[in-house]
Amino acid sequence: MSNTTTPPPETTPASPYGTLPPASLPASRKPLSLPRLADMHARGEKISMLTAYDATFAAMADAAGIDCLLVGDSLGMVCQGLASTVGVTLDAMRYHTDSVSRGLRRVQGTAWLIADLPFGSYQESREQALRSATVLMQAGAHMVKLEGGGWTTETVRFLVERGIPVCAHLGLTPQTVHALGGYRVQGKGGAGALLKQQAHALQDAGATMLVLEMVPAALAAELTAELKHCATIGIGAGKGTAGQVLVLHDMLGINLGKMPKFVRNFMADAPGVLPALEAYVQAVKDGSFPDDQLHAW
């Protein structure tokens, strides 16, 4: 008889940092797409959106049922500690878009992924905008976002005609905060007519989403009713918009500065991050957030 014994089977050591997760369950919902978002808009279902800058939070937000993730150039302030978004580069946006996209793929995520075109990456020409948008789309974005009205209309048209979905952004446009004189409500009084004109022009150019930031709630609600083919996404624009967006760190109560008026800290009443994200999605869907008396002008 042999005295040899059979060695125990090899086991795979636990992997640090969650680099080898178990296979995720099949997605419980179909991936968000432009037709599905258009259907939500037509039916009056509120669209939930949050910023995301890394793989882990992207996967967690998707698990919470978020409809859209925005890789915002707010990462300059949130992740890089900059004073504004102006210093964010296209390469930084590509890096974070790639990270968020990989996080979604890891968990078979279904959220619609939007990425900001940063300052200086689209102002020069329509062709520059196309090159910049290509970088972000190849990194995993489904849609790009750019700020401003007027001259941006033809840039939007140029991109949409070439198969790139576009989200526009009016009201407070952080990339031009110095020209605006600071973080102030936009579209008051007579300025509202120009904002409405620009919004309609952007819709006509093919924009299918429009972020309205720090715009009077009444004006945002009027625009939402008028824009049949472009879903308005409010941030400090009242509850009358087609959807809402917040900076992830703000709604978790972990920002580096003063909390903006339009933010609600969803971690205050939640036992953890995932329940806080789920509470945000639910509050957007049922219309309990935002509260115009607390979060709007």
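A.B. asks: Quick rundown of the packing of helix H2 (residues 55-63) against helix H11 (residues 273-286)? Include the residues and the values.
C.D. replies: Look at H2 against H11: their axes get within 9 Å of each other, and the N-to-C directions meet at 55 degrees. With respect to their mutual orientation, H2 and H11 come out oblique. Remark: the crossing between H2 and H11 carries right-handed chirality. Residues Phe57, Met60, Ala61 and Ala63 of H2 touch H11, and the partners they reach there are Val273, Leu274 and Leu277.

A.B. asks: An account of the sheet that holds strand E1 (residues 47-51) is needed here, citing residue identities and associated values.
C.D. replies: The parallel closed barrel is built from 8 strands, whose spatial order is E1-E2-E3-E4-E5-E6-E7-E8. Going across the sheet, the axis of each strand differs from the next one's by a mean of 25 degrees, ignoring polarity. Pairing analysis gives 3 bridges linking strand E3 (residues 112-116) to strand E4 (residues 143-145), with the strands arranged parallel. Within E4, the residue paired with isoleucine 114 across the bridge is methionine 143.

A.B. asks: Requested: an account of the side chain of histidine 295, with residues and values cited.
C.D. replies: Counting through the fold element by element, histidine 295 comes out in helix H12 (residues 292-295). When near neighbours in sequence (up to four residues on either side) are disregarded, histidine 295 contacts Gly236, Lys261, Phe262, Val263, Arg264, Phe289 and Pro290.

A.B. asks: Describe the packing of aromatic side chains, and please don't skip the residues or the numbers.
C.D. replies: Evaluated as defined, the whole model comprises 5 aromatic pairs. With a centroid separation of 6.0 Å and 15 degrees between ring planes, the pair formed by tyrosine 122 and tryptophan 151 is classed as stacked. One end of the pair, tyrosine 122, is in the loop between E3 and helix H5 (126-138); the other, tryptophan 151, is in the loop between E4 and helix H6 (152-161), with 29 residues separating them in the sequence. Relative accessible area serves as the criterion here: at 1%, tyrosine 122 is assigned to the buried category. Take tryptophan 151: its relative accessible area is 46%, and that puts it in the partly exposed class. Judged by centre distance (6.5 Å) and plane angle (65 degrees), the ring pair of phenylalanine 262 and tryptophan 297 falls under edge-to-face. Separated by 35 residues along the polypeptide, phenylalanine 262 in the loop between helix H10 (248-251) and H11 and tryptophan 297 in the segment after H12 bring together distant segments of the chain. What links up through ring pairs into an aromatic cluster is the set Phe266, Tyr280 and Phe289.

A.B. asks: So, the pattern of salt bridges: which residues are in play, and what are the values?
C.D. replies: Within the structure shown, the criterion is met by 13 salt bridges. When the shortest N-O distance is used, the salt bridge between arginine 43 and aspartate 39 registers 2.8 Å. In this pair, arginine 43 and aspartate 39 both sit in helix H1 (residues 34-43), 4 residues apart, roughly one turn of the helix. Between lysine 196 and glutamate 222 there is a salt bridge; the shortest N-O distance is 3.3 Å. Within this pair, whereas lysine 196 is found in helix H8 (residues 191-205), its partner glutamate 222 is found in helix H9 (residues 217-226), the two being separated by 26 residues in sequence. Via salt bridges that share partners, Arg29, Asp39, Arg43, Glu45, Asp62, Asp67 and Lys285 belong to a single interconnected network.

A.B. asks: Tell me what's going on with the environment of glutamine 186, and back it up with residues and numbers.
C.D. replies: Tracing the sequence through the fold places glutamine 186 in the loop between helix H7 (177-180) and H8. Look at glutamine 186 and you get buried, because its relative accessible area is 17%. Considered as a pair, glutamine 186 and cysteine 68 are 118 residues apart in the sequence and their alpha carbons are 25 Å apart. Those residues in contact with glutamine 186 that lie beyond four places of it in its chain are Gly171, Leu172, Leu180, Met214, Val215 and Pro216. Among the polar contacts made by the side chain of glutamine 186, one reaches the main-chain carbonyl oxygen of arginine 184 at a distance of 3.0 Å.

Criteria and thresholds
Residues numbered from 1 in each chain as written. Predicted model: local features only at pLDDT ≥ 70, side-chain atom pairs only at ≥ 80, totals over all residues. Heavy atoms only, no water. Axes fitted to C-alpha atoms, helices over the stretch in contact; angles between N-to-C directions. Helix = DSSP H or I, 4+ residues; strand = E, 2+ residues; numbered from the N terminus. Parallel < 35°, antiparallel > 145°, perpendicular 65-115°, else oblique. Left-handed = near helix turned anticlockwise from the far one by under 90°. Contact = heavy atoms within 4.5 Å. Pairing = 2+ DSSP bridges. Phe/Tyr/Trp six-rings, centres within 6.5 Å; stacked < 30°, edge-to-face > 60°. Buried < 20%, exposed > 50% of the residue type's maximum accessible area, 1.4 Å probe, protein only. Salt bridge = Lys/Arg side-chain N within 4 Å of Asp/Glu carboxyl O. Polar contact = N/O pair within 3.5 Å; in protein donor to acceptor, adjacent residues only side chain to side chain.

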